[in-house]
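Geometric and topological summary
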Amino acid sequence: MGDRRPVVMDVNLRKALFEIIREVKEITENKKLPNVKKSAKKCEKCEYKEICLKN
């Protein structure tokens, strides 16, 4: 973690990036958690598991 690597941005990747940014803004502005698939393996290491598992 913390590594930085150059990424070649094409039109599709740029569109996908802005779509993700829009979704994040929507989540933060509405203070609503997104629907997620819970996985014991992934949830175990997630920093948001305490918030997510309350719902």
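Our subject in this report is the structure included herewith. If you're wondering where the values come from, they're calculated on a predicted model, not measured in any experiment.

**As for the layout of surface pockets**
Taken as a whole, the largest pocket encloses approximately 420 Å³ of empty space. The wall of the largest pocket is formed by 15 residues, among which Leu33, Pro34, Val36, Tyr48 and Cys52 lie closest to the centre. Secondary-structure elements contributing two or more residues to the lining of the largest pocket are helix H2 (40–45) and helix H3 (49–54). Here the element with the most residues in the lining of the largest pocket is H3; it accounts for 3 residues. Of the residues belonging to the lining of the largest pocket, the class tally is 9 nonpolar, 1 polar and 5 charged.

**Digging into helix H1 (residues 11–30)**
Over its 20 residues, H1 runs 29 Å from end to end, which matches the ideal 28 Å to within 8%, given 1.5 Å per residue. The distance from a side-chain oxygen at the start of H1 to the backbone nitrogen of asparagine 12 is 3.3 Å, and the residue carrying that oxygen is aspartate 10. Phi turns positive, to about 50°, at lysine 31, one or two residues after H1.

**Here's the deal with the pattern of salt bridges**
As enumerated under the stated definition, the model contains 3 salt bridges in all. Two residues, arginine 5 and aspartate 3, come together in a salt bridge whose shortest N-O distance is 3.7 Å. A residue is classified by how much of its surface remains accessible, and arginine 5, at 66% relative accessible area, is exposed. Measuring nitrogen to oxygen at the nearest pair gives 2.6 Å for the salt bridge that ties arginine 22 to glutamate 19. Within this pair, arginine 22 and its partner glutamate 19 are both found in helix H1, separated by 3 residues, close to a single helical turn. Residue glutamate 19 is classed as partly exposed on the basis of its relative accessible area of 33%. Three or more residues are tied together by salt bridges with common partners; here these are Glu19, Arg22 and Glu26.

**What about the environment of glutamate 47?**
For glutamate 47, the position within the fold is in the loop between H2 and H3. Once the C-alpha coordinates of glutamate 47 and valine 8 are considered, the two residues, 39 residues apart in sequence, prove to be 29 Å apart.

Parameters at a glance
- The residue numbering used here restarts from 1 in each chain and proceeds along that chain's sequence as written.
- Local features are withheld for residues below a pLDDT of 70 in this predicted model, meaning they are given only at 70 or higher, and side-chain atom pairs are given and counted only at 80 or more; totals for whole chains, interfaces and linings count all residues.
- Hydrogen atoms and water are omitted, and side-chain values are computed over all heavy atoms in the structure.
- Grid spacing is 1 Å over the protein atoms alone, the probe is 1.4 Å, and a cavity is where that probe fits but cannot get out, while a pocket is an open set with protein on both sides within 12 Å along at least five of seven lines and lining residues have an atom within 4 Å of a point.
- Grid points are joined across faces, edges and corners, and a volume is the space filled by probe spheres set on the points.
- Helix numbers and strand numbers start at the N terminus; a helix is a DSSP run of H or I with at least 4 residues, a strand a run of E with at least 2.
- Three classes are used: nonpolar for Ala, Val, Leu, Ile, Met, Phe, Trp, Tyr, Cys and Pro, charged for Asp, Glu, Lys and Arg, and polar for all others, with Gly counted as polar.
- In this analysis, the expected span of each helix is defined as 1.5 Å times one less than the number of residues it contains.
- Polar contact criterion, stated in full: a pair of N or O atoms within 3.5 Å, where within protein one must be able to donate a hydrogen and the other to accept it, and residues adjacent in sequence count only if both atoms are side-chain atoms.
- Should a side-chain nitrogen of Lys or Arg be within 4 Å of a carboxyl oxygen of Asp or Glu, the pair is scored as a salt bridge.
- When accessible area is computed with a 1.4 Å probe and restricted to protein chains, residues below 20% of their type maximum are described as buried, those above 50% as exposed, and intermediate ones as partly exposed.

Structural measurements only, silent on function.
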